[in-house]
Amino acid sequence: MNAPDNERGIWSSKLGFIMAGAGSAVGLGNIWRFPTIAGQNGGAAFVFVYLLSVILICLAVMIAELALGRHAQRNPVGVYKTLAPGTAWKYLGILGVLTGWGIASFYSVVAGWTLGYVFKTAAGAFINLGPDEIATVFSDFTTNPVLSIGCHAIFMGLTMLILYGGVKGGIERWSKILMPLLLVILVLLVVRSVTLPGAGKGLAFYLKPNWSALTGKSVVAAMGQALFSLSLGMGTMITYGSYLSRKDNLISSAGWVASLDTGIAILAGFAIMPAIFAFDLDPAAGAGLIFVVLPNMFNKIFLGNLFGTGFFVLLSVAAVTSLISIVEVPAAYFIDEWKMSRKKAVTIAGGGAFLAGIPAALSGNFLDWMNVIFGQYSLIIGSLGVAIFVGWQWGASKANAEIMQGNPKFSASTAYAFAIRFMAPVSITALLICLILFPDAF
Ligand code: TRP
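Here we summarise the structure given alongside this text.

**Side note on empty space enclosed by the protein**
- Per the counting criterion, the structure on display carries three cavities of 30 Å³ or more.
- Quantified by volume, the largest cavity comes out at close to 160 Å³.
- Around the largest cavity sit 18 residues that line it, and S24, I103, F228, S231 and I326 are the ones nearest its centre.
- Elements with a contribution of two residues or more to the lining of the largest cavity: α1 (14-25), α2 (28-40), α5 (90-122), α10 (216-229) and α14 (304-337).
- Considering only enclosed or pocket space, the second largest cavity measures out at about 100 Å³ in volume.
- Lining the second largest cavity, in full, are L189, R192, S193, A271, I272, A275, L294, M297, F298, I301, F307 and F311.
- Elements supplying a minimum of two residues to the lining of the second largest cavity: α8 (166-194), α12 (250-278), α13 (287-300) and α14.
- Residues that form the lining of the second largest cavity fall into these classes: 10 nonpolar, one polar and one charged.

Next comes the structure, spelled out in structure tokens:
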């Protein structure tokens, strides 16, 4: 089961994988969605439930995806074709490839807005505008088809340029540059935010565990957000795992990616919450939080334009390293299964996602709808499928044997078998049922 041809790649080191994996996981989900959902669901109480879902459920799924990918050295469809030939499992892989297109399409639209806002903020487009005018700038921008499709095209184009460089020369190289940059900008923003007069109210809102705001819906939101944030359920981690060496330790690699992702999400809350409360803004403002509420705040602080530009650069950087990992899934599928060159595969994968994103660039309702189908249901079904496949079809003992390569002293095989056979499938099924019952939970 070797790489099918020289168009596949491999990470240069464990650090290379950790940077690329964290680059995938850390995205718009961390900096935009996490602080908002945490704020609405009881602050630290939510963070506690979120941590439990990462540790008890998501880590097991992430290790399962990495083990599958590294074992078969294939894209998601190829993995199921190799490990369960002639069965319907390959459709789970096909669902992953389609989900890759689905998520990439709207993710690139929102990422395009963040890129547009880098230039708007840098050019001082919000200076001297009142709150209503700032809201109008956002709606004019997103409903202008030329701007909205143009920014989506530029963002997808940048993503494709990185992907043309390949696994080592493109994905890994850029992740190693952009992830440290992201951390530096984020830390600067946190420092600015927590030193604003009145920041204490926001810190209390974010940090004080308000257990009464934690409802059944919050638990659903925490689990769904954790799956999305860790890039699980569509085969991103299968694909990135397929570029891992057998010498690398899967458990510690997964641990690093999950810790960086969670740490950066929590840190993002420290950048956003104090700022919102210092200016009496609404923490539950959704998409408007980033594109309307925050520009109001940047208007009011010293060097606000600079910090505002930095903030949108941060979001764009986080988004591009995530989008490459989403588009890489269909690209790897074309390289492995259709024997295409990387160039052709990336062109079709990225070009297809661009076309699929045009309706979302034209209509916010359509964008929301794509998010529900692909960003929620598909990922939950995909994660459930991975857990069942690894736990029951391929078998926990084979997964454990794969984990032991690069980690011969691994001693938690019974615990892992329990997590992937029972804990993950049962909780993800419960999540799916709850989401059907409370469709607007997250
Ligand atoms: N995790 C990224 C974020 O938080 C988005 C992402 C990248 C993703 N790859 C994925 C989500 C695969 C689901 C599946 O923004």
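And the narrative resumes.
**Focus on the side chain of S193**
- Topologically, S193 is positioned in helix α8.
- By relative accessible area, which is 3% here, S193 ends up buried.
- There is a polar contact of 2.7 Å between the side chain of S193 and the backbone oxygen of A271.
- Residue contacts for S193: discarding those within four places in its chain leaves A199, F270, A271, I272, P274 and A275.

**Comments concerning the site of the ligand**
- The full set close to the ligand counts 18 residues, and A25, G29, Y107, F228 and S229 are the nearest of them.
- The contact in question runs from a nitrogen atom of the ligand to an N or O atom on the backbone of F228, over 2.9 Å.
- Take S231: an N or O atom from its side chain is 3.1 Å from a nitrogen atom of the ligand.
- Judged by its atoms lying within 2 Å of the grid points, the ligand is housed in the largest cavity.
- Of all the elements in the fold, those that place two or more residues in the shell around the ligand are α1, α2, α5, α10 and α14.
- The class makeup of the residues in the shell around the ligand is nine nonpolar, nine polar and no charged.

**With respect to the packing of aromatic side chains**
- In this structure the tally under the stated criterion is 31 aromatic pairs.
- Arranged with centres 4.8 Å apart and planes meeting at 70 degrees, the rings of W89 and F389 form a pair that is edge-to-face. Of the two residues, W89 is situated in the loop between α4 (76-83) and α5 and F389 in helix α16 (residues 364-404); the sequence distance between them amounts to 300 residues.
- Judged by its relative accessible area of 0%, F389 is buried.
- Across the ring face of F228, the terminal group of R33 is positioned such that the distance to the ring centre comes to 4.8 Å.
- In this structure, R421 packs its charged tip against the face of W392, placed 3.9 Å from the ring centre.

**Examining the layout of surface pockets**
- Roughly 240 Å³ of volume is contained in the second largest pocket.
- Listing elements by their share of the lining of the second largest pocket, those giving two or more residues are α3 (44-72) and α17 (413-437).
- In terms of residue class, the lining of the second largest pocket is made up of 13 nonpolar, no polar and no charged.

**Section: the nonpolar core**
- Judged by nonpolar contacts, the single largest core of 161 residues is most densely connected at L68 and F311.
- Per element, the largest residue contribution to this core is 19 residues, and it comes from α14.
- When sequence neighbours within four positions are dropped, the list of residues in contact with L68 reads V79, Y80, L83, I238, V386, F389, V390 and W394.

**Considering helix α7 (residues 145-164)**
- Given a rise of 1.5 Å per residue, 20 residues ought to cover 28 Å, and the 28 Å separating the end C-alpha atoms of α7 matches this to within 8%.
- Every buried residue of α7 is listed here: S148, C151, H152, F155, M156, T159, M160, I162 and L163.
- Check the buried side of α7 and you find it contacts α5, α6 (131-143), α8, α14 and α15 (342-362).
- Where α7 terminates, the next one or two residues include G166, which has phi positive at roughly 90 degrees.

**Quick word on unusual backbone geometry**
- In this structure, Q73 is a non-glycine residue whose phi angle is positive, near 55 degrees.
- If you trace the backbone, Q73 turns up in the loop between α3 and α4.
- For Q73, a relative accessible area of 15% translates into the label buried.
- A positive phi is found at S231, a non-glycine position, where the angle reads about 60 degrees.
- Structurally, S231 is set in the loop between α10 and α11 (236-241).

The rules behind each value
- Residues numbered from 1 in each chain as written.
- Predicted model: local features only at pLDDT ≥ 70, side-chain atom pairs only at ≥ 80, totals over all residues.
- Heavy atoms only, no water.
- 1 Å grid on protein atoms, 1.4 Å probe; cavity = no way out; pocket = protein on both sides within 12 Å on 5 of 7 lines; lining within 4 Å.
- Points joined across faces, edges and corners; volume = space filled by probe spheres on them.
- Helix = DSSP H or I, 4+ residues; strand = E, 2+ residues; numbered from the N terminus.
- Nonpolar A, V, L, I, M, F, W, Y, C, P; charged D, E, K, R; others polar.
- Buried < 20%, exposed > 50% of the residue type's maximum accessible area, 1.4 Å probe, protein only.
- Polar contact = N/O pair within 3.5 Å; in protein donor to acceptor, adjacent residues only side chain to side chain.
- Contact = heavy atoms within 4.5 Å.
- Near = heavy atom within 4 Å.
- Sits in = over half its atoms within 2 Å of the grid points.
- Phe/Tyr/Trp six-rings, centres within 6.5 Å; stacked < 30°, edge-to-face > 60°.
- Lys NZ or Arg CZ within 6 Å of the ring centre and 35° of its normal.
- Core = buried A, V, L, I, M, F, W, Y, C linked by side-chain atoms within 4.5 Å.
- Expected span 1.5 Å × (residues − 1).

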